[in-house]
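Structure at a glance
Spelled out, the chains give:
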Amino acid sequence: MSRYLTCYAVLCMILCRKSSCKENVVDLSHDVDENSAVWITREPYEIVKSTKGYAAGGYWYETYRFCMSEHTGTHLDAPSHFAEGKWSVEQIPLDHLMGPGVVIDIRDKVVKDPNAELTTDDVMSWLDEHGPLPNGVIVFVRTGWASRYSNKTAYFGTDKNDTTKLVFPGISKGAAQLLVSHEAVSGNKVVGVGLDTPSLDYGKSQDFETHQTLMRANVYGLENVANLDRLPTKGFNVIVMPIKLRGGSGGPARILATMPSSGGASLSSAFVGSSFVIALNMLCLCHMF
């Protein structure tokens with residue numbers, strides 16, 4: 001019996017080594033506070049009541065009540081936001097909130113034109129260079145606009161509460177259609193699309209065709225995303241954690257990206273195969289003695 005226990009212990013040590021491969025975690029969310037970006041026609045985040053201090057019993061007690069729009073700061077747009085009968089926040093399947101991520105970079109275009117959009121040509125160029133999008137992918141568009149986040153006027157392109165004056169980059173309807181149709185062409189589905197601006201549609205949009213196109217296909221959006229400059233083009237995974245509002249058209253979200261540390265990807269995959277072979281050998285040895 002002791003030899004089986006010894007073999008079991010060794011096997012556990014071998015198979016658990018895979019979990020020691022460190023991952024880099026990047027927070028793709030801005031803090032939520034009074035300075036959080038919110039659509040210019042909506043009320044900003046506000047703490048309406050707080051209790052903070054030592055209670056009569058001598059212990060510390062701190063709690064707050066706050067008021068804010070569903071679409072405050074880094075947030076998720078549920079498909080129901082622009083498509084009748086489609087998923088609200090709590091209806092989005094969990095496997096759509098976790099998956100591989102990619103980044104399409106259009107910063108060069110935005111430097112020349114703050115109203116620039118991700119186009120079908122941009123998407124096709126990315127696909128030509130990097131291959132098909134993986135199944136269950138969350139696509140991020142990096143515009144570089146997040147550098148303006150702390151300055152509301154610079155971020156929205158105006159200091160007026162007038163949606164016709166907005167200036168910021170976005171995603172074209174054609175690019176949205178191409179992302180939605182990727183499943184029919186390749187079998188791989190795009191589940192979410194995000195970017196580092198106030199809206200999926202560029203600032204001048206008045207009909208929000210990109211929102212409509214994506215959300216009719218039950219593809220959710222992520223807006224005001226942070227730290228896209230810390231992500232590679234591909235080879236990372238994403239976890240989206242929106243507040244679970246029943247019937248919600250959206251909600252503030254904590255978004256995390258995880259990447260293997262240098263050399264971690266090959267190390268991890270190598271352990272999957274080698275651990276299985278070693279396990280078989282150890283089991284054979286256990287039966288031999």
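Here the structure is shown first, and the text comes after it.
Presented here is a report on the structure given in the accompanying data block. All values derive from a computational prediction rather than experimental measurement. (Residues numbered from 1 in each chain as written. Predicted model: local features only at pLDDT ≥ 70, side-chain atom pairs only at ≥ 80, totals over all residues. Heavy atoms only, no water.)

**Comments concerning the pattern of salt bridges**
Applying the stated criterion to the full structure yields six salt bridges. Its salt-bridge partner being Asp-105, residue Arg-107 comes within 2.7 Å of it at the nearest N-O pair. Overall, Arg-107 belongs to the partly exposed group, its relative accessible area being 33%. Lys-109 is the partner of Asp-122 in a salt bridge, and the nearest nitrogen-oxygen pair spans 2.7 Å. In this pair, Asp-122 is assigned in helix α3 (residues 120-130) and Lys-109 in helix α2 (residues 107-112), connecting sequence segments 13 residues apart. With a relative accessible area of 19%, Asp-122 lands in the buried category. (Salt bridge = Lys/Arg side-chain N within 4 Å of Asp/Glu carboxyl O. Buried < 20%, exposed > 50% of the residue type's maximum accessible area, 1.4 Å probe, protein only. Helix = DSSP H or I, 4+ residues; strand = E, 2+ residues; numbered from the N terminus.)

**So, helix α5 (residues 173-186)**
With 14 residues, α5 extends 20 Å between its outermost C-alpha atoms, agreeing within 8% with the 20 Å of an ideal straight helix rising 1.5 Å per residue. A bend of about 35° at Val-180 is the largest found in α5. Taken from the residues just after α5, Gly-187 is the one with a positive phi, measuring 85°. (Expected span 1.5 Å × (residues − 1). Bend = angle between axes of the 7 residues up to and from the residue.)

**Regarding the side chain of Asp-196**
Within the secondary structure layout, Asp-196 lies in the loop between β9 (190-195) and α6 (209-216). Buried charge without a partner: Asp-196 forms no salt bridge, and the closest opposite charge is Arg-142, 5.7 Å away. A polar contact of 2.6 Å, which involves the side chain of Asp-196, links it to the side chain of Thr-143. Ignoring sequence-local partners within four residues, the contact set of Asp-196 consists of Val-141, Arg-142, Thr-143, Gly-144, Trp-145, Ala-146, Tyr-155, Val-225 and Leu-228. (Lys, Arg positive; Asp, Glu negative; His and termini not counted. Polar contact = N/O pair within 3.5 Å; in protein donor to acceptor, adjacent residues only side chain to side chain. Contact = heavy atoms within 4.5 Å.)

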